[in-house]
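Given next are the chains, with one letter for each unit.
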Amino acid sequence: MYKRQLDNQDEIGIQNEVPVLGRLARGRMIGRENEFLKAKIFWDKSRDGSGQVILVSGEPGIGKTRLATEVMTYAEITKGLTLTGASYAEGGGPHSAFRQILRNILSTDTPQKMTLPPDLIRNLLTLAPEMQPNFPELQYKGDLELPDPQQLWDDFVIFINMLGSLRPVLLV
């Protein structure tokens, strides 16, 4: 699930129009089969309610992106919600990965299906202010200032946990 767009120096993830099963047929993953099997096991455990973390690292060109794409495809096939974000040393601003994730999920109808505390959504919207029109029930008076970084992080984690109560979530 990749597409890129520059917006206020933030690079945001955008979904390709390639169907989920179509991504499986595009090329082969070479040399990462063991890691993929382990990732599938971790994903299956997370679907059963046990949170998991996987760190993928290595030199350029050894299949990290392909592995992540395969895991995202597997998660989607098994009814998971995949949310992607990236940060780059050469720009993008603070919290750019979280901004991408929030923009992607707040542009859907999923948040309206949830009972979100108004203060939580107000805080999250400071990272994606262009999404404010999607929440007309919240009264805004001018630009919102970023809350305390710890509060912002806590609210993001609460939001992701709330999403996880609807269906399993994979953050990439």
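About the thresholds
- Residues numbered from 1 in each chain as written.
- Predicted model: local features only at pLDDT ≥ 70, side-chain atom pairs only at ≥ 80, totals over all residues.
- Heavy atoms only, no water.
- Phe/Tyr/Trp six-rings, centres within 6.5 Å; stacked < 30°, edge-to-face > 60°.
- Helix = DSSP H or I, 4+ residues; strand = E, 2+ residues; numbered from the N terminus.
- Buried < 20%, exposed > 50% of the residue type's maximum accessible area, 1.4 Å probe, protein only.
- Core = buried A, V, L, I, M, F, W, Y, C linked by side-chain atoms within 4.5 Å.
- Contact = heavy atoms within 4.5 Å.
- pLDDT = per-residue confidence, 0-100.
- Patch = residues over 30% accessible without salt bridge, like charges linked within 9 Å, V, L, I, M, F, W, Y side chains within 5 Å.
- Areas by Shrake-Rupley, 256 points an atom, 1.4 Å probe, with all protein chains shown as cover.
- Salt bridge = Lys/Arg side-chain N within 4 Å of Asp/Glu carboxyl O.

### Focus: the packing of aromatic side chains
And step 1. Scanning all chains against the criterion turns up 4 aromatic pairs.
And step 2. With a centroid separation of 5.3 Å and an interplanar angle of 75 degrees, the aromatic rings of Phe98 and Trp153 are classed as edge-to-face. Here Trp153 lies in helix 6 (residues 149-166) and Phe98 lies in helix 4 (residues 96-106), a separation of 55 residues in the sequence.
And step 3. Accessibility expressed as a relative area gives 43% for Trp153, which makes it partly exposed.
And step 4. Taking the centre distance of 4.8 Å and the plane angle of 75 degrees together, the rings of Phe98 and Phe156 count as edge-to-face.

### Things to note about the nonpolar core
And step 1. Membership of the largest hydrophobic core comes to 22 residues, with the highest contact counts inside it found for Leu106, Phe159 and Leu163.
And step 2. Examining the composition of this core, we find that 5 residues originate from one element, helix 6, more than from any other.
And step 3. Leaving out residues up to four positions away in the same chain, Leu163 has contacts with Leu81, Leu83, Ile105, Thr110, Met114 and Val169.
And step 4. Counting 10 residues, the second-largest nonpolar core is a separate cluster that includes Trp43, Val71, Ala75 and Leu170.

### Remarks on the confidence of the model for the protein
And step 1. In the predicted model, the protein carries a mean pLDDT of 80, and the fraction of residues at 70 or more is 80%.
And step 2. Across the protein, strand 3 (residues 81-83) holds the top mean pLDDT of 93, while strand 1 (residues 4-7) sits lowest at 36.
And step 3. Across residues 1-16 the pLDDT falls below 50, and counting only partners more than four positions away or on other chains, this stretch makes 43 contacts in the model.

### Some thoughts on a nonpolar patch on the surface
And step 1. A cluster of nonpolar side chains, Ile41, Phe42, Ile54 and Val56, forms an exposed patch at the surface whose accessible area comes to about 310 Å².
And step 2. Judged by relative accessible area, Ile54 falls into the partly exposed class, the value being 42%.

### Regarding helix 4
And step 1. Among the 11 residues of helix 4, 9 are classified as buried, and the element is accordingly described as predominantly covered.
And step 2. If you check which residues of helix 4 are buried, you get Ser96, Ala97, Arg99, Gln100, Ile101, Leu102, Arg103, Ile105 and Leu106.

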